[in-house]
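# Inside the fold
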Amino acid sequence: MVIQRISRFVAWANELARSHGLEAELIPEDPEGAITLRRFRRTIAWFIRRRPSGRIALGIQYGHLTAALADGYGGRSTSGMLQLLDLEQALATAETLTAAAERLTAGEGVSGPAVSRYLAAANEFEHTYPGGFLSKRQHKALIANPRLQVFDHPESFLTCNYDPHKALCKPSRGKAEAAAQRTPSQSRCQSNCPNISRTDTHMDLAAREIDQLQAEINDGLLPHPIRCRLEQRQQSLDALIEGHKAGRITSAEEYARV
Ligand code: SF4
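This is a predicted model, so every value here is computed, not measured. (Residues numbered from 1 in each chain as written. Predicted model: local features only at pLDDT ≥ 70, side-chain atom pairs only at ≥ 80, totals over all residues. Heavy atoms only, no water.)

## Section: the nonpolar core
Put simply, the test is: Definition used in this section: a nonpolar core is a set of buried Ala, Val, Leu, Ile, Met, Phe, Trp, Tyr and Cys residues joined via side-chain atoms within 4.5 Å. Categorising residues by exposure relies on relative accessible area from a 1.4 Å probe, with only protein chains included: less than 20% of the type maximum marks a residue as buried, more than 50% marks it as exposed, and the intermediate range marks it as partly exposed. Only DSSP runs of H or I covering at least 4 residues are called helices, and only runs of E covering at least 2 are called strands; the numbering of each starts at the N terminus. The criterion used for residue contact is that any of the two residues' heavy atoms lie within 4.5 Å.
With 20 residues, the main nonpolar core has Tyr118 and Leu142 as its most contacted residues. Elements represented by at least two residues in this core include exactly helix H4 (79-105), helix H5 (115-128) and helix H6 (136-144). Setting aside anything within four residues of it in sequence, one finds Leu142 in contact with Ala90, Thr93, Ala94, Phe125, Tyr129, Leu134, Leu148 and Gln149. Among the nonpolar cores identified, the runner-up in size contains nine residues, and Met203, Ala206, Leu230 and Leu237 belong to it.

Below, the structure written as structure tokens:
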């Protein structure tokens, strides 16, 4: 039943794309055959998990779907749900660290109070998990390794090298229960947190936002208070970029001084 509905949805989406001449948006034939509910669920989970606060959104979303689909997930606290969350968490962390290791090898610079932890995490990941494919056992080991809890947060131009005992977004930091909190609250991120590192890639994004703000300012149509606010935002991004340039270090420089 669900398989047929998904097939009908694919046909409808393709028809819509064709009618608008959007050939690039067509959903291609799947070499693995029909899309089952299990595969559909995994695909949605992949996209949800990669948004800010995605772990929480995923838990809520799949908790709701449980009621609708009755597919064996009795609640968000059941082992099935937790396994899905953990798998997505491990995949997202592996992607972040793979990309970090590649960019560092290419000479990317990093700054911020957690720069050493960021470099060490990318280095450890690169040497512990070469090749790209992670087994179930490796996924579990990755999630359990406190040194590899690295969360990219490009919207805030930073990477969170999550140590629950230092996390300024966690009111429980410094208390015994802090260790149990395995993911940061990125929606409450504090710019002075000791878990922060920033990369050249983040600064490129900041520079792009400065240009976009300038284009809005140049329009000349903005009311004065809004124009002032955009200029303040530009100044704070400028300061971020200057701070990064001043404290920037590459992995080669880091390991040369050890
Ligand atoms: S405040 Fe920001 S950098 Fe610090 S732990 Fe929370 S999310 Fe990570």
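## Some thoughts on the pattern of salt bridges
We apply this condition: Counted as salt bridges are all cases of a side-chain nitrogen of Lys or Arg within 4 Å of a carboxyl oxygen of Asp or Glu.
Summed over the entire model, instances satisfying the criterion amount to seven salt bridges. The salt bridge involving Asp163 is made with Lys166; its shortest N-O contact spans 4.0 Å. As a salt-bridge pair, Arg227 and Glu231 come within 3.3 Å of each other at their nearest N and O atoms. Placement of the pair is Arg227 and Glu231 together in helix H8 (residues 224-247), with a separation of four residues, close to one helical turn.

## Here's the deal with the site of the ligand
Note the threshold: A single heavy atom is enough: if one lies within 4 Å of a molecule or strand, its residue is considered near that molecule or strand. Any residue outside Ala, Val, Leu, Ile, Met, Phe, Trp, Tyr, Cys, Pro, Asp, Glu, Lys and Arg is labelled polar, Gly included; the first ten of those are nonpolar and the last four are charged.
For the ligand, the full set of nearby residues is Cys160, Tyr162, Ala167, Cys169, Pro184, Gln186, Cys189, Gln190, Cys193, Asn195 and Ile196. Class assignment for the residues of the shell around the ligand results in eight nonpolar, three polar and no charged.

## Let's talk about the sheet that holds strand E3 (residues 158-161)
Put simply, the test is: For two strands to be treated as a pair, DSSP must find at least two bridges joining them.
Across the sheet, five strands lie side by side as E2-E3-E4-E1-E5; this open sheet has antiparallel pairing. The open sheet has two edge strands with one neighbour each: strand E2 (150-153) and strand E5 (249-250).

## Thoughts on a nonpolar patch on the surface
Rules: Two joining distances apply to patches: 9 Å for like charges and 5 Å for nonpolar side chains (Val, Leu, Ile, Met, Phe, Trp, Tyr), and every residue must have over 30% relative accessible area and no salt bridge. The Shrake-Rupley method, run with a 1.4 Å probe sphere, supplies the accessible areas, and residue values consider only the shown protein chains as cover.
Residues Phe9, Trp12, Leu16 and Ile27 make up a contiguous nonpolar surface patch of about 400 Å² in total accessible area. Residue placement: Ile27 occurs in the loop between helix H1 (2-19) and helix H2 (37-49).

## Some details on H8
Going by this rule: Take the number of residues in a helix, subtract one, and multiply by 1.5 Å to get its expected span.
With 24 residues, H8 ought to run about 34 Å at 1.5 Å a step, and its terminal C-alpha atoms sit 35 Å apart, in line with that. Within the sequence span of H8, burial applies to Leu230, Gln234, Leu237, Ile241 and His244. At its buried positions, H8 is contacted by strand E1 (109-111), strand E4 (196-199) and helix H7 (200-219).

## Here we look at the environment of Val150
Structurally, the position occupied by Val150 is in strand E2. Exposure remark for Val150: the relative accessible area of 3% places this residue in the buried category. Expressed as a C-alpha distance, the spacing of Val150 and Asn195, which sit 45 residues apart in the sequence, is 9.5 Å. For Val150, the contacting residues outside a window of four places in its chain are Thr93, Thr96, Leu97, Tyr118, Ala121, Thr159, Cys160 and Asn161.

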